[in-house]
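Coordinate analysis (summary)
What follows is each chain in one-letter form.
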Amino acid sequence: MVKDVFSFALVTAGILSLIIGFWGIHIAAAMVGYVIESTIVFWNVILFAALIAAGGIAIGYAVGKKHP
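It should be emphasised that the depicted structure is a prediction, and the values quoted were computed from it without experimental measurement.

**Structural notes on the overall build of the protein**
Counting secondary structure elements, the protein contains two helices and zero strands. Across the 68 residues in the protein, those meeting the buried criterion constitute 19%. Contacts spanning at least 24 positions in sequence make up 76% of the contacts within the protein whose residues lie at least 6 apart. Here the protein has roughly 5,100 Å² of accessible surface; of this, 79% comes from carbon and sulfur atoms.

**So, the environment of Phe6**
Inspection of the secondary structure puts Phe6 in helix α1 (residues 2-31). Between the C-alpha atoms of Phe6 and Ala62, which are 56 residues apart in sequence, the distance is 8.2 Å.

**Some words on helix α2 (residues 38-66)**
Quick reminder: α-helices carry 3.6 residues per turn. Residues three or four places apart thus point the same way. End to end, α2 covers 42 Å across 29 residues, agreeing with the expected 42 Å (1.5 Å per residue, within 8%). Every buried residue belonging to α2 is among Val41, Phe48, Ile52, Gly55, Ala58 and Ala62, and all of these are buried.

**A few points about the side chain of Ser17**
Inspection of the secondary structure puts Ser17 in helix α1. The buried category is assigned to Ser17, whose relative accessible area is 17%. Once you skip the residues sitting within four places of it in the chain, Ser17 turns out to touch Leu51, Ile52 and Gly55.

**Some words on a nonpolar patch on the surface**
Taken together, the side chains of Ile15, Leu16, Ile19, Ile20, Trp23 and Ile27 make up a nonpolar region of the molecular surface, amounting to roughly 580 Å² of accessible area. A residue is classified by how much of its surface remains accessible, and Leu16, at 47% relative accessible area, is partly exposed.

**Topic: the side chain of Ser7**
Within the element layout of this structure, Ser7 appears in helix α1. Discounting chain neighbours no more than four positions away, the residues touching Ser7 are Ala62 and Lys66.

Criteria and cut-off values
Residues numbered from 1 in each chain as written. Predicted model: local features only at pLDDT ≥ 70, side-chain atom pairs only at ≥ 80, totals over all residues. Heavy atoms only, no water. Helix = DSSP H or I, 4+ residues; strand = E, 2+ residues; numbered from the N terminus. Buried < 20%, exposed > 50% of the residue type's maximum accessible area, 1.4 Å probe, protein only. Contact = heavy atoms within 4.5 Å. Areas by Shrake-Rupley, 256 points an atom, 1.4 Å probe, with all protein chains shown as cover. Expected span 1.5 Å × (residues − 1). Patch = residues over 30% accessible without salt bridge, like charges linked within 9 Å, V, L, I, M, F, W, Y side chains within 5 Å. Salt bridge = Lys/Arg side-chain N within 4 Å of Asp/Glu carboxyl O.

On their own, these measurements won't tell you what the molecule is for.
Have a look at this one:
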């Protein structure tokens, strides 16, 4: 029971991380024309790419534990 809830929570968090990460990169790409300071855009892209990676790892871990 607890393992199923943990897997569900991990997959849900992973999917939300992927959605927020892709949405954030889309917003950061739209900011390129408006923001002169490219360092801000650079770190935003790094942050959202890390969020996408964490979401993918969380989903992969949960699926791997559920179906060995």
